[in-house]
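Fold and geometry: a report
Single-letter residue listing:
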Amino acid sequence: MTLLRADATGTQEALSLSGYRSLFCSVRLRKVKPMLGDEIVRYLGKLTVVMGLVVGVIPGSACLADSVQLTPKDGGVLRVAQSSDPLCLDPQQAGNNDSLNIGRQITDSLTDQRPDTGEIVPWLASRWTVSQDSRVFTFYLRPGVTFSDGTPVDAAAVKTNFEGILKLGARASLGSGYLAGLKEIQTPDRDTVVLTFSKPNVQFLQASSTMSLGLLSPGTLARDAGARCQGQLVGSGPFTVTSFVHNQRVVLTRREDYAWPSSLAGHQGKAYLSGIDYRIVPESGVRTGSLLSGQIDVDTGVLAQDERLFTAQALPVIARPNPGLVFSLFPNETDPVLGHKEVRLALNKAVNRQEIKNVISHYQSSASSALAGTTPFYTDHASELGFDLAGSKKILDDAGWRPGSDGIRERDGQRLVIHLSYWQSAPYLELLQEQLRAVGIDLVLNQTTISQTSALQNTGKYQVQFYNLTRSDPDILRAVFAVDAHNVNNRKAEPVDALLDASSAELDVERRRNLISQAVTLLIEEGHIIPLVEVTTVVATAKTVHGLHHEASSRLQFFDTWIGR
């Protein structure tokens with residue numbers, strides 16, 4: 001029997017304060033595939049949820065709470081547990097989801113993006129025009145907007161922000177990549193900004209909705225980049241930074257005169273919450289216990305083993321797959337081992353992604369491309385990521401890597417050992433370790449802190465990196481892999497770079513899709529990426545929390561959130 005499987009994100013992704021204007025939960029069907037066993041049970045369970053939402057009879061559901069039109073309450077401090085230290089609060093410099101979840105509350109962007117359709121909509125820019133060749137972008141700013149220090153968000157401030165991001169260089173690797181090729185910024189009047197690029201830049205309108213191009217006050221931009229990371233930030237967002245203590249807590253306070261939410265917001269005026277208290281709680285068991293006992297209101301890092309417990313307690317679980325790069329291994333190709341293409345290809349063939357799927361959250365999927373299925377212009381490359389144990393061994397045999405006495409291969413006295421330092425909670429890496437050992441590769445795992453991992457990566461003395469990167473545009477490939485961008489592999493120029501450049505300038509939708517697909521194929525065939533798992537942001541909340549949802553890049557948006565207690 002063949003059934004449609006409801007995507008895990010669909011059930012409670014959107015407390016869609018519609019459009020967020022009408023309150024209902026959206027359900028999306030993403031991939032279509034046959035189901036057996038417990039998948040059918042899950043399907044039926046999700047169908048029950050969907051039907052329950054229609055009639056409004058599902059107890060404990062966040063969707064239900066909003067579907068019965070409860071009246072939002074003003075005030076209260078939301079207690080949010082995060083799994084890792086945000087390191088840097090400056091959204092123009094930050095990179096991990098925990099820091100960006102905070103930065104989103106502090107800063108606004110020129111535009112916003114609908115999470116359901118990808119459509120770009122007004123925020124600080126009330127309207128815009130784009131030249132036919134996608135070289136010239138003209139934004140018309142909303143009047144009366146100010147940063148929390150009272151200075152205006154005008155054309156001059158926007159110009160100063162974008163010029164400052166370019167000056168940050170590697171510290172703002174994402175934002176500076178989005179602005180690559182910027183020729184000039186003109187400010188013909190107080191409320192008009194014109195950006196001209198040297199060549200077509202089709203990704204820029206979406207980039208204007210990201211936090212990486214979020215706006216900060218000119219006074220903040222004059223500060224040292226390090227001080228900004230530590231919370232000396234002034235934005236135009238609905239909250240301001242009150243305090244930041246590393247590895248302990250970040251406290252935000254509501255801005256009482258805020259009056260310019262995104263056009264996607266569910267209400268006007270200031271935020272409902274009077275503040276947000278982020279607490280750094282690395283241990284998942286402590287986060288789970290704290291939520292169940294009422295010591296926190298939101299757990300932003302729910303692990304797979306805790307999902308059934310929250311479901312049994314009828315606590316709302318909100319999940320949404322992150323668009324962008326999937327969790328992958330990124331080889332450093334200056335390394336004596338991973339500089340060999342045959343080793344990288346053997347790695348890819350040795351990964352049994354279907355087996356990995358058995359140990360990850362049912363909200364997650366194993367990778368079927370370098371890009372997540374929710375990324376615009378995604379195409380399925382699963383056939384290029386097939387498990388081939390014999391093929392992997394043959395590649396290594398042909399390259400002269402012979403099994404040693406303990407099964408680990410050697411060549412010219414060098415053992416085939418790969419060291420991976422990482423900070424994320426990813427238990428499936430232990431299964432990957434077993435899979436690679438089956439072909440004679442010794443993957444040495446070293447789970448450490450985000451600070452230590454970042455420090456190691458900054459030295460360049462690592463063999464492989466492990467991470468995902470969220471963005472709702474396929475240009476994330478160019479930003480990460482292109483030899484003249486981040487160049488995560490530290491490699492020389494190759495044909496894939498021309499494809500990546502061409503995709504960022506292609507105006508025709510289908511031609512752009514084809515260029516991106518060709519680039520993904522080359523990245524896989526050259527072993528520049530070993531895709532593993534599509535990341536899904538899974539959040540559990542107390543029953544008293546309402547109006548919490550993900551924005552298009554799967555970061556949390558607290559502007560419409562309120563507490564019912």
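Before reading on, note that the structure itself is shown above.
Described below are features of the structure shown in this document.

How each quantity is defined
Residues numbered from 1 in each chain as written. Predicted model: local features only at pLDDT ≥ 70, side-chain atom pairs only at ≥ 80, totals over all residues. Heavy atoms only, no water. Helix = DSSP H or I, 4+ residues; strand = E, 2+ residues; numbered from the N terminus. Contact = heavy atoms within 4.5 Å. Polar contact = N/O pair within 3.5 Å; in protein donor to acceptor, adjacent residues only side chain to side chain. Phe/Tyr/Trp six-rings, centres within 6.5 Å; stacked < 30°, edge-to-face > 60°. Buried < 20%, exposed > 50% of the residue type's maximum accessible area, 1.4 Å probe, protein only. Lys NZ or Arg CZ within 6 Å of the ring centre and 35° of its normal. Arc of directions from axis to C-beta. Pairing = 2+ DSSP bridges. Core = buried A, V, L, I, M, F, W, Y, C linked by side-chain atoms within 4.5 Å. Axes fitted to C-alpha atoms, helices over the stretch in contact; angles between N-to-C directions.

Positionally, aspartate 74 belongs in the loop between α2 (62-67) and β3 (77-82). Leave out the neighbours within four places in its chain, and aspartate 74 touches Arg254, Lys270, Ala271 and Tyr272. At 2.8 Å, the side chain of aspartate 74 forms a polar contact with the side chain of arginine 254.

Considering all chains together, one arrives at 13 aromatic pairs under this definition. For the pair phenylalanine 330 and tyrosine 467, a centre-to-centre distance of 4.5 Å together with 25° between the ring planes defines the contact as stacked. Remark: tyrosine 467 occurs in strand β22 (residues 464-470) and phenylalanine 330 occurs in strand β15 (residues 324-331); sequence separation between them is 137 residues. Each member of the pair, phenylalanine 330 together with tyrosine 467, is buried. Summarising the aromatic geometry, the rings of tyrosine 428 and phenylalanine 466 are spaced 6.3 Å apart at their centres and angled 65° between planes, so their arrangement reads as edge-to-face. Residue tyrosine 428 is located in helix α14 (residues 428-437), and its partner phenylalanine 466 is located in strand β22; the two are separated by 38 residues in the primary sequence. Given a relative accessible area of 6%, tyrosine 428 falls into the buried group. Here phenylalanine 466 falls in the buried class, since its relative accessible area comes to 2%. Taken together, Phe137, Phe139, Phe162, Phe197 and Phe204 form an aromatic cluster joined through their ring pairs. When the ring centre of tyrosine 140 is taken as origin, the NZ or CZ atom of arginine 127, which lies over that ring, is 3.9 Å away. The residue whose ring lies beneath arginine 512 is phenylalanine 377, and the NZ or CZ to ring-centre distance is 4.9 Å.

Here we come to helix α10 (residues 304-312). Residues of α10 that are buried: Asp306, Glu307 and Phe310. The buried residues of α10 occupy an angular sector of 120° when projected down its axis, which confines them to one face. Projecting away from the buried face of α10 at angles above 90 degrees are the exposed residues Gln305, Arg308, Thr311 and Ala312. Contacts from the buried residues of α10 go to α9 (284-292), β13 (298-299), β14 (317-321) and β24 (536-541).

Pairing in this open sheet of 4 strands is antiparallel, and the strands run β16-β23-β15-β22 from one edge to the other. On the outer flanks of this sheet lie β16 (365-366) and β22, each paired with one strand and no other.

Judged by nonpolar contacts, the single largest core of 99 residues is most densely connected at Phe162, Leu195, Phe204, Leu325, Leu477 and Phe481. With sequence-adjacent residues up to four places away left out, phenylalanine 162 is seen in contact with Leu110, Leu179, Ile185, Leu195, Phe204, Leu213 and Leu215.

With that out of the way, let us pick up the pairing of strand β9 (residues 192-197). For a regular strand, side-chain orientation follows a simple rule: the groups alternate between the two sheet faces. Judged by how many residues are buried, β9 sits mostly within the fold: 6 of 6 residues are covered. On β9, burial covers both faces: Thr192, Val194 and Thr196 on one face and Val193, Leu195 and Phe197 on the other are all buried. Where strand β7 (residues 136-141) and β9 come together, 5 bridges link them in antiparallel fashion. Note on β9: the bridge partner recorded for valine 136 is threonine 196. Examined bridge by bridge, strand β8 (residues 182-189) and β9 share 5 bridges and lie antiparallel to one another. Looking at the pairing, glutamate 184 lines up with threonine 196 of β9. Between β8 and β9, which follow one another and run antiparallel, lie 2 residues.

Attention now goes to the sheet that holds β8. Taken in spatial order, the 4 strands of this open sheet run β6-β7-β9-β8, and their pairing is antiparallel. Every interior strand has two partners, whereas the edge strands, β6 (125-130) and β8, have only one. Ignoring which end each strand starts from, the neighbouring axes of this sheet average 15° apart. Strand direction decides the pairing type here: β6 and β7, joined by 5 bridges, are antiparallel. Following the sheet pairing, tryptophan 128 is matched in β7 by phenylalanine 139.

Any link to function would need more than the numbers given here.
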